[in-house]
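Notes for the structure review
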Amino acid sequence: MNQSGYNRAVDVLPEGAALDDKYRVVRHLSSGGMGAVYEVEHKGLGKRLAAKLLKPELARREDLLERFRREARAASAIGHEHIIEVTDLGQTAHKVPFLVMELLSGQTLAALCKAERRLEPARAVHIARQILSALAAAHARGIVHRDLKPENVFLILRGGDPHFVKLLHFVI
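Because the structure is predicted, anything quoted here is derived from the model rather than measured.

Turning our eyes to something else, we now look at the overall build of the protein. Of regular secondary structure, the protein possesses four helices and nine strands. Computed over C-alpha atoms, the radius of gyration of the protein comes to 17 Å, within 12% of the 16 Å expected from 2.2 N^0.38 for 172 residues, which places it in the range of a compact globule. Per-residue burial over the protein gives 47% buried out of 172 residues. The averaged location of the 20 negative side-chain charges in the protein is 3 Å from the averaged location of its 26 positive side-chain charges.

Turning next to the sheet that holds strand 5 (residues 86-91). Pairing is antiparallel in the open sheet, where six strands are placed in the order 1-2-3-4-6-5. Every interior strand has two partners, whereas the edge strands, strand 1 (18-19) and strand 5, have only one. As paired elements, strand 3 (residues 35-42) and strand 4 (residues 48-54) share seven bridges and run antiparallel to each other. Of the residues in strand 4, the one forming a bridge with Ala36 is Leu53. The sheet contacts of helix 2 (residues 62-78) involve strand 4, strand 5 and strand 6 (97-102), and relative to strand 5 the element is tilted by about 155 degrees.

Within the element layout of this structure, Leu58 appears in helix 1 (residues 56-59). Judged by its relative accessible area of 15%, Leu58 falls in the buried class. With residues near it in sequence (within four places) discarded, Leu58 still touches Gly33, Met34 and Leu64.

On to the pattern of salt bridges. Under the definition given, this model contains twelve salt bridges. Close ionic contact of Arg24 with Glu41 constitutes a salt bridge, the shortest N to O distance being 2.8 Å. A residue pair is termed long-range when its members are at least 10 positions apart, and Arg24 in strand 2 (residues 23-31) and Glu41 in strand 3 qualify at 17 residues. The structure contains a network of salt bridges with shared partners spanning Glu62, Glu66, Arg69 and Arg73.

The subject of this paragraph is helix 2. Each turn of an α-helix holds 3.6 residues, which means side chains three or four residues apart point in the same direction. A rise of 1.5 Å per residue sets the reference length of helix 2, with its 17 residues, at 24 Å; its end C-alpha atoms lie 24 Å apart and thus fit the reference within 8%. Along helix 2, the residues that are buried comprise Leu64, Leu65, Phe68, Glu71, Ala72, Ala74, Ala75 and Ile78. Positive backbone phi, at 60 degrees, marks Gly79, one or two positions downstream of helix 2.

Our focus in this paragraph is the side chain of Glu41. At 2.8 Å, the side chain of Glu41 forms a polar contact with the side chain of Arg24. If near-sequence neighbours (up to four positions away) are discounted, Glu41 is found in contact with Lys22, Tyr23, Arg24, Val26, Gly46, Lys47 and Arg48.

Cut-offs and rules
Residues numbered from 1 in each chain as written. Predicted model: local features only at pLDDT ≥ 70, side-chain atom pairs only at ≥ 80, totals over all residues. Heavy atoms only, no water. Helix = DSSP H or I, 4+ residues; strand = E, 2+ residues; numbered from the N terminus. Rg over C-alpha atoms; globule rule 2.2 N^0.38 Å. Buried < 20%, exposed > 50% of the residue type's maximum accessible area, 1.4 Å probe, protein only. Lys, Arg positive; Asp, Glu negative; His and termini not counted. Charge placed at Lys NZ, Arg CZ, Asp CG, Glu CD. Pairing = 2+ DSSP bridges. Contact = heavy atoms within 4.5 Å. Axes fitted to C-alpha atoms, helices over the stretch in contact; angles between N-to-C directions. Salt bridge = Lys/Arg side-chain N within 4 Å of Asp/Glu carboxyl O. Expected span 1.5 Å × (residues − 1). Polar contact = N/O pair within 3.5 Å; in protein donor to acceptor, adjacent residues only side chain to side chain.

Written out as structure tokens, the structure reads:
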């Protein structure tokens, strides 16, 4: 493990690691070019959430650090049902920035398209309308999602709808 708490060999925080003394790492969910996402538990509330941590070496770049903060503020400010809800922004004891958001269970639109190869037109329209609703809300607040792709459209089960859209990863 390096100074940030990351295990460089696998680029993950260990189970049980603390984030800002408020959250406990439950498990690693995914990693990407900018960082990693974990399932975390709020220590006081016992609520399960997701935490996105910026890679420590990227956190030293002020432009990327500010972009990370803008992503958190933008997603939080829009307040739309089809945009991931961001609830907290902080940093670990080793100055690794993170944002906390709702924990989602489902699949990306990319995974659905790969598995099914072709969506029925009515289902595709249903998904597209939700994406457009989220984008309209963002645009109304002067925010543009610069990384819209099937991998950043997450489908969850909500209110009996197995294709309820949550838009992820606002790159401002």
